[in-house]
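Working through the structure, step by step
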There are 2 protein chains.
Amino acid sequence: MSELRHDPIQKRWVIISVERGRRPSDFQLPREDLQEEFCPFCPGSEDKTPPEIMALRPNNGPPNSPGWELRVVPNKFPALMIEGGLEKRGVGVYDRMRGVGAHEVVIETPRHDHQMADFSVARLQDVFTVFQTRWHDLSRDQRFKYILIFKNHGRAAGATMSHSHSQIIATPVTPLTVARGLDSAKDHFQLKNRCLFCDILDYELEKQERIVCTNDHFVAYAPYASRFPFELIIIPRIHNHNFASIRPDQIRALAGIVKEVLMRLQLALRDPPYNFMIHTVPNVNAQPRRSFYWDTVEYDYHWHMEIIPRLTRLAGFEWGTGFYINPTPPEEAARFLREVVFSMDVE
Amino acid sequence: MSELRHDPIQKRWVIISVERGRRPSDFQLPREDLQEEFCPFCPGSEDKTPPEIMALRPNNGPPNSPGWELRVVPNKFPALMIEGGLEKRGVGVYDRMRGVGAHEVVIETPRHDHQMADFSVARLQDVFTVFQTRWHDLSRDQRFKYILIFKNHGRAAGATMSHSHSQIIATPVTPLTVARGLDSAKDHFQLKNRCLFCDILDYELEKQERIVCTNDHFVAYAPYASRFPFELIIIPRIHNHNFASIRPDQIRALAGIVKEVLMRLQLALRDPPYNFMIHTVPNVNAQPRRSFYWDTVEYDYHWHMEIIPRLTRLAGFEWGTGFYINPTPPEEAARFLREVVFSMDVE
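Figured I'd write up the structure that's included with this text. No experiment lies behind these values; they were computed from the predicted model shown.

Take the relation of the copies chain A and chain B next. Each copy superposes on the other: chain A lies on chain B with an RMSD of 0.0 Å after a rotation of 180° and an axial shift of 0.0 Å. When the rotation and shift are considered jointly, the pair of chain copies conforms to a two-fold rotation axis. By residue overlap, the copies meet face to face through one surface: 100% of the interface positions of chain A are interface positions in chain B.

Next up, the structure:
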């Protein structure tokens, strides 16, 4: 069973994961490349993953058989486990709890040779709709304070499987970075009675210099204080705190802008490794009635998607300070991505 | 000129560094390996670095000529620049200041083939003594709120040169991670009238299971909530807030334990890439008289050195949450390092 341990100096929780167990001697070996010889995510290998949680099967075959278009399965080496209670307790000067949570894998396509940038808009729509379905289902569990949907693409971005997939992790605490974002949004709202993200979006649309592309419902831009070259935000134009609440027409627009952004990145940077994360509200069902985060979060928080191409390496300065050095101004990154010659019909 | 930009959501500063300028198209190329063909840090190439700030020359040769044992030079591509004022101002909804600071390189040996784990204890003593000298000199500049001393070893740890060196960066703001550590220490002191780090050290020495090695003045241990496999802390047994104030006999003991820890890591993990950072107090000369951080920092903060082997990759979960998944419990990492068969005479 993995456990959560609290760092009393940085005040953050860490998952010590024995299930994903790397023995110390594993690190002596040269690190393996992405697993390519045998792929447990390909059709025909359904018995190589834990039994599926849900799947899209246009021809209605039985679960855990081929014929699917998209499949959600529990992670075989989960960082957090679904069973049991948290058993929070002190350990000498420290604090710990059991590693309770959920860790799911969304296998986004049966095709081993297609990455997300290659997907049709219709498939991307299915992917984001499935994300919503899983978010709603997991949010019924009151032990889960936060549900993160994210993707690791490419080995440098932490992917261990090359077959296109995303992951969903539900955590028993509200993570530090999330709490900090919620705090900032709340402070701004209390001071100005406006959403911080709406204010930023207005300013970016007025300035235009960091905008990459837009559609009726969404805007993609490079943030002013980008930590990394080509860091991007995709955010809905209309204020909304919860990704899981957006309508099918908005999902379609989201699929469209994600397709466009990923194609621009692929063409501009030659298929860079990247991570994306969906930043949305914590799980409302797991919050106490009058929680600090919950009473105005509908007004002060604004969901968005963050994309980080992994082109630079973190070094001692970043680890020592939490400060970042970015060698590419976001204005230049945005201009470079805007200028990619590109048509949505290009394969 | 690089600039500092403030992220209003995560409340952190980012250095947008035009001098280190990577044009967007640079990222299309396969990334270069460590520079090996020509080394500007080797003796005979003194004119390939900016003029030296200081050097150890046992035979007293002229500056910027061969014959040195250790050399400190300004970084040729500095993240922050020494000249001028901060010019803090708002930019629409955002905040910025000029990238004022210092960025120095400590070339620790004339030998291209020696890494820090290969150094004699006497050389390590010289390195740490030079760190102190540079800290004291930089701390006279009231624009510098914090001075970080750190090392990137190996390409995966962000090093771009293989010749053994460390770096010193002085920043015009107190960085986020530093401020959070200071806050935690202060909170603990106010509640208990004891140092948080002393409490942790007492507990670790009592439990022993996470201790790697010790000497008369220092203890090396794997922290309870380690984010990464083989993350280590080296901390003085006697409370002291400021690295730059330790005495020569303590520097000698520090050199001894650093040598032992680096050799254990090298033998156990076959020369892993790593970062180290020295966590010490902010610059006292740059703080207002009655600053929040300064009035009790002598009692509540405790300097220490952090070593992070870079064996795992950050992925979407870590970026999205600030939460870490560590596959190797620190108790196992510490035991593995303790059991390395090793003698200080081994080359």
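Okay, the packing of helix α2 (residues 176–192) of chain A against helix α3 (residues 196–207) of chain A next. All names here are of chain A. One way to put it is that α2 packs onto α3 with a least axis distance of 8 Å and a crossing angle of 85°. Taken together, α2 and α3 sit at an angle that is classed as roughly perpendicular. Counted together, Ser 184, Ala 185, His 188 and Lys 192 of α2 and Leu 196, Phe 197 and Asp 199 of α3 form the full contact between these two elements. For the contact of α2 with α3, the class distribution of residues is three nonpolar, two polar and two charged.

Helical periodicity: at 3.6 residues per turn, an α-helix aligns residues three or four positions apart in one direction. Residue and element names in this part refer to chain B. The first and last C-alpha atoms of helix α4 (residues 248–269) sit 31 Å apart over 22 residues, in line with the 32 Å expected at 1.5 Å per residue. Of all 22 residues making up α4, 17 are buried, and the element is well covered by its neighbours. Backbone geometry just downstream of α4 places Arg 270 in the positive-phi region, at approximately 55°.

Here we take up the environment of A:Ile200. Counting through the fold element by element, A:Ile200 comes out in helix α3. Sequence-wise, A:Ile200 and A:Pro223 are 23 residues apart; in three dimensions their C-alpha atoms are separated by 9.2 Å. Those residues within four positions of A:Ile200 in sequence are excluded, and the remaining contacts are A:Tyr221, B:Pro8, B:Ile9, B:Val93 and B:Tyr94.

With 95 residues of chain A in contact, the opposing surface of chain B contributes 95 residues. With both sides pooled, the region where chain A packs onto chain B buries about 8,700 Å², and carbon together with sulfur makes up 61% of that total. There are four salt bridges connecting chain A and chain B. Between B:Asp187 and A:Lys11 there is a salt bridge, with its nearest N and O atoms 3.1 Å apart.

Our next topic: the pattern of salt bridges. Under the definition given, this model contains 51 salt bridges over all chains. We note a salt bridge from A:Lys48 to A:Asp47, for which the minimum N-O separation is 3.3 Å. Its relative accessible area of 36% is what places A:Lys48 among the partly exposed residues. Between B:Arg210 and B:Glu204 there is a salt bridge; the shortest N-O distance is 3.0 Å. Classification of B:Arg210 as buried rests on a relative accessible area of 2%. One connected set of salt bridges, linked through shared partners, spans A:Glu3, A:Arg5, A:Arg96, B:Glu204, B:Glu209, B:Arg210 and B:Glu331.

Applying the stated criterion across every chain yields a total of 26 aromatic pairs over all chains. A ring pair is formed by A:Phe150 and B:Phe317, whose centres lie 6.2 Å apart and whose planes are at 45°; its orientation type is tilted. Residue A:Phe150 is located in strand β8 (residues 146–153), and its partner B:Phe317 is located in helix α6 (residues 316–321); the two belong to separate chains. This pair shows no difference in class: A:Phe150 is buried, exactly as B:Phe317 is.

Let us look at the nonpolar core. Core analysis: the biggest nonpolar cluster contains 204 residues, and A:Phe128, A:Ile234, A:Leu254, B:Phe128, B:Phe131, B:Ile234 and B:Leu254 have the highest contact counts within it. Filtering out sequence-adjacent residues up to four positions away, A:Leu254 remains in contact with A:Phe128, A:Phe218, A:Ile234, A:Phe243, A:Ile246, A:Trp303 and A:Met305.

Here we take up the sheet that holds strand β5 (residues 89–91) of chain A. What links the strands of a sheet is backbone hydrogen bonding, and the strands pair in either a parallel or an antiparallel sense. Strands sit in the order β5(A)-β6(A)-β1(A)-β2(A)-β15(B) across an open sheet of five strands; the sheet is mixed. Either end of the sheet is taken by a strand with one partner, and the two such strands are β5 of chain A together with β15 (324–326) of chain B. Put simply, the sheet's adjacent strands are angled 35° from each other on average, direction ignored.

Turning next to the environment of B:Leu205. All names here are of chain B. Tracing the backbone through its elements, the reader meets Leu 205 in helix α3 (residues 196–207). Assessed through its relative accessible area of 25%, Leu 205 is described here as partly exposed. A C-alpha to C-alpha distance of 9.1 Å links Leu 205 and Tyr 221, two positions 16 residues apart in sequence.

Attention now moves to the pairing of strand β11 (residues 218–221) of chain B. Residues and elements named next belong to chain B. In β11, alternate side chains face the same way, and those of Phe 218 and Ala 220 on one face and Val 219 and Tyr 221 on the other are all buried. Relative to β11, strand β10 (residues 211–214) runs antiparallel, the two being bridged by three bridges. Each bridged residue has a counterpart across the sheet, and for Ile 211 the counterpart in β11 is Tyr 221. Between the antiparallel neighbours β10 and β11 lie three residues. The pairing of β11 with strand β12 (residues 232–236) spans four bridges and is classified as antiparallel. Each residue of the ladder has a partner; that of Phe 218, found in β12, is Pro 236.

Those residues of helix α7 (residues 330–338) of chain B lying buried are B:Pro330, B:Glu331, B:Glu332, B:Ala333, B:Ala334 and B:Leu337. Looking at the buried positions of α7(B), the neighbouring elements they touch are β1 (3–7) and β2 (12–16) of chain A together with β10, β12 and α4 of chain B.

All names here are of chain B. Read across the open sheet, the ten strands follow the order β3-β4-β7-β9-β8-β13-β14-β12-β11-β10; overall the sheet is antiparallel. Among the strands making up the open sheet, the edge pair consists of β3 (54–56) and β10. The mean angle between the axes of side-by-side strands here comes to 20°, regardless of whether they run parallel or antiparallel. For strand β13 (residues 274–279) and strand β14 (residues 304–309), the ladder comprises six bridges, and the chain directions are antiparallel. Bridge pairing in β14 places Tyr 274 opposite Pro 309.

Residue position: A:Glu331 is located in helix α7 (residues 330–338). A:Glu331 gets classed as buried once you look at its relative accessible area, which sits at 17%. Within the local environment of A:Glu331, its side chain forms a polar contact with the side chain of B:Arg5, the two groups lying 2.9 Å apart. With near-sequence residues (within four places) excluded, A:Glu331 lies in contact with A:Glu209, A:Arg210 and B:Arg5.

Rules and cut-offs
All residue numbers here refer to positions counted from 1 along the written sequence of the relevant chain. Here the convention is simple: chains get letters from A, ligands get numbers from 1, in the order in which they are written. Predicted model: local features are reported for residues with pLDDT of at least 70 only, side-chain atom pairs are reported and counted for 80 or more only, and whole-chain, interface and lining totals are derived from all residues. Side-chain metrics rest on all non-hydrogen atoms present in the structure, leaving aside hydrogens and water. Superposing copies: least-squares fit, C-alpha atoms only, residues required to have pLDDT of at least 70 in both. Pairs of residues are marked as contacts when any of their non-hydrogen atoms sit within 4.5 Å. Axis definition: a line fitted to C-alpha atoms, over the contacting stretch in the case of helices. Angles run 0 to 180 degrees between N-to-C directions. Starting at the N terminus, helices and strands are each numbered in turn, a helix being any DSSP run of H or I of at least four residues and a strand any DSSP run of E of at least two. Any angle between 65 and 115 degrees counts as roughly perpendicular, while under 35 counts as roughly parallel, over 145 as roughly antiparallel, and the rest as oblique. By the convention adopted, Pro, Cys, Tyr, Trp, Phe, Met, Ile, Leu, Val and Ala count as nonpolar, Lys, Arg, Asp and Glu as charged, and the other residues, Gly among them, as polar. Helix span, expected: 1.5 Å multiplied by one less than the number of residues in the helix. For each residue, the accessible area found with a 1.4 Å probe, counting protein chains only, is set against the maximum for its type, and the residue is called buried under 20%, exposed over 50%, and partly exposed in between. The term buried area denotes the loss of accessible surface (1.4 Å probe radius) that occurs when two parts are joined, taken as the sum for both partners. One speaks of a salt bridge when a side-chain nitrogen belonging to Lys or Arg is within 4 Å of a carboxyl oxygen belonging to Asp or Glu. Stacked, edge-to-face and tilted labels apply to pairs of Phe, Tyr and Trp rings (six-membered ring for Trp) whose centres lie within 6.5 Å, assigned for plane angles under 30 degrees, over 60, and everything in between, in that order. Note on terminology: a nonpolar core comprises buried Ala, Val, Leu, Ile, Met, Phe, Trp, Tyr and Cys residues joined through side-chain atoms within 4.5 Å. Two strands pair if DSSP finds at least two bridges between them. Any pair of nitrogen or oxygen atoms within 3.5 Å is treated as a polar contact; in protein, a donor-acceptor pairing is required on top of that, and neighbouring residues in sequence qualify only through side-chain atoms on both sides.

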